[in-house]
Amino acid sequence: MASKTVLVTGSSGLIGSEAVEHFDRQGCEVHGVDNNMRRIFFGDPGDTTWNLDRLRRDTNNFTHHDLDIRDRIAMETLFRSYRFDLIIHCAAQPSHDKARDIPILDFEVNALGTVNLLEATRLHCPEAVFILLSTNKVYGDAPNEIPLKELETRWDYARPEDYNGITESCRIDRTLHSLFGASKASADLMAQEYGRYFGMKVCVLRGGCLTGPSHSGVELHGFLSYLVKATLTGRTYSVFGYKGKQVRDNIHSYDVVRAIEEFAANPRRGEVYNMGGGRENSISMIEAIDRIGRMTRKELNWRYVDESRKGDHICYISDLSKFRSHYPHWRITRSLDTILEEIIAAQSRLQTASSGS
Ligand SMILES: NC(=O)c1ccc[n+]([C@@H]2O[C@H](COP(=O)([O-])OP(=O)(O)OC[C@H]3O[C@@H](n4cnc5c(N)ncnc54)[C@H](O)[C@@H]3O)[C@@H](O)[C@H]2O)c1
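Residues numbered from 1 in each chain as written. Predicted model: local features only at pLDDT ≥ 70, side-chain atom pairs only at ≥ 80, totals over all residues. Heavy atoms only, no water.

A. The arrangement of the side chain of Ser-17 in detail. Along the chain, Ser-17 falls in helix H1 (residues 14–25). What makes Ser-17 buried here is its relative accessible area of 0%. At a separation of 2.6 Å, a polar atom in the side chain of Ser-17 contacts the main-chain carbonyl oxygen of Gly-13. For Ser-17, the contacting residues outside a window of four places in its chain are Gly-10, Ser-11, Ser-12, Asn-51, Arg-54, Leu-55 and Ser-214. (Helix = DSSP H or I, 4+ residues; strand = E, 2+ residues; numbered from the N terminus. Buried < 20%, exposed > 50% of the residue type's maximum accessible area, 1.4 Å probe, protein only. Polar contact = N/O pair within 3.5 Å; in protein donor to acceptor, adjacent residues only side chain to side chain. Contact = heavy atoms within 4.5 Å.)

As structure tokens, then:
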């Protein structure tokens, strides 16, 4: 990747910042676009300024652009000023639940913002590789139709053929998405279209739970990160429905960025992949509460609300077979315990710093 010019949108967020650091380490010229809109969505706890400061400190060839991806003229001007080889589009309104309060803003950021970037790429650097961070919420609640069995601490798939989880063939329409899932599905389809119709090197990654120490975790987004924060700070955590046995697969932001790197080295046109931690990195809510409790030696204060979140998955594990078959050098390098250790260490440092200040 040396001497490539890389654009990362959402560069102060979890995946964006990991991408900036990674490609900067590879010797690329890296441009980041982020207007700290996470703070507008989630208030002060969502503020990503600390992460931008960290990037500015720790990188060699990174330029930050405080721009809004909804601003088509600003995106056009940026793409006229630099010739990008790789575009990693991570900027988003990322919360399933938040979208219902801000439907227009959610759609503008997730759908329109993505089209602005796809079109700027087509006009100014059509040979570039374009990666869209999409989500498993594009499947809506269709994954809940798979027969499940109830185990002591988690739900699991009942049939052996579902053991590896959800594949890309799961349908994306005629299901309840949440407005977020629908705006992301719009972006997902448009990105695929630019790949198929215009023949561009577009990759759509449908994320499970993407996580890591650089998440500005808030209650409405960033499951493990917020769970650790709540445990360490003693605040009350609410578990919604499914007896707390709902299952998520978790992938470290580094492994997501490694997948992006693999695709960029051998791109295809308009491909879609599920991208999560897979079965080995899956955990249920009550298992996570227990495991974090043992690791931090602190008991989480939590309450059960006997109503599930609208459109929430009961058991979601990403089947990674398709990505693995196209990119056999890629693998999960961070286990769930490693991920948790990193998040706990990072949050403990933040806590110590804030109590000392
Ligand atoms: N974290 C997850 O669990 C998860 C799961 C599935 C999919 N995804 C997807 O992955 C991508 C990255 O997620 P993340 O966890 O890094 O999110 P994040 O919120 O940590 O980062 C997104 C960044 O985009 C910025 N941003 C938002 N709107 C913007 C705008 N209009 N213009 C410029 N910048 C803007 C925010 O300030 C934030 O820093 C998103 O598309 C998200 O939907 C995330």
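Once the structure has been displayed, the description carries forward.
B. Structural context of the site of the ligand. Of all residues adjacent to the ligand, which total 31 residues, the nearest are Asp-34, Arg-38, Asp-68, Lys-184 and Gly-208. Taking Arg-38, its side chain carries an N or O atom lying 2.7 Å from an oxygen atom of the ligand. A distance of 3.0 Å separates an oxygen atom of the ligand from a polar backbone atom of Leu-210. Protein chains bury 97% of the 820 Å² of accessible surface belonging to the ligand in isolation. (Near = heavy atom within 4 Å. Areas by Shrake-Rupley, 256 points an atom, 1.4 Å probe, with all protein chains shown as cover.)

C. Here's a closer look at the packing of helix H5 (residues 103–124) against helix H6 (residues 179–196). Running from amino to carboxyl end, H5 crosses H6 at an angle of 10°, the nearest separation of the two axes being 8 Å. One finds that H5 runs roughly parallel with respect to H6. Each of Pro-103, Asp-106, Phe-107, Asn-110, Ala-111, Thr-114, Val-115, Leu-118, Glu-119 and Arg-122 in H5 lies in contact with H6, whose residues at this interface are Leu-179, Phe-180, Ser-183, Lys-184, Ser-186, Ala-187, Met-190, Ala-191 and Tyr-194. For the contact of H5 with H6, the residue count by class is eleven nonpolar, four polar and four charged. (Axes fitted to C-alpha atoms, helices over the stretch in contact; angles between N-to-C directions. Parallel < 35°, antiparallel > 145°, perpendicular 65-115°, else oblique. Nonpolar A, V, L, I, M, F, W, Y, C, P; charged D, E, K, R; others polar.)

D. Here's a closer look at helix H7 (residues 223–233). Across the eleven residues of H7, ten count as buried, placing the element largely inside the fold. Of the positions making up H7, those classed as buried are Phe-223, Leu-224, Ser-225, Tyr-226, Leu-227, Val-228, Lys-229, Ala-230, Thr-231 and Leu-232. Two residues or fewer past H7, Gly-234 is found with a positive phi of approximately 80°.

E. Fine view of the pattern of salt bridges. One pass over the full model with this rule turns up 28 salt bridges. Salt-bridge contacts for Arg-80 lead to Glu-76; the nearest nitrogen and oxygen are separated by 3.0 Å. A residue pair is termed a helical-turn pair when its members lie 3 or 4 positions apart in one helix, as Arg-80 and Glu-76 do in helix H4 (residues 72–81) at four residues. For Arg-80, a relative accessible area of 57% puts it in the exposed group. One salt bridge in this structure joins Lys-201 and Glu-127, with 3.1 Å as the shortest N-O distance. With Lys-201 in strand E8 (residues 201–207) and Glu-127 in the loop between H5 and strand E5 (129–135), the pair connects residues that are 74 residues apart, well separated along the chain. Classification of Lys-201 by relative accessible area gives buried; the value is 16%. (Salt bridge = Lys/Arg side-chain N within 4 Å of Asp/Glu carboxyl O.)

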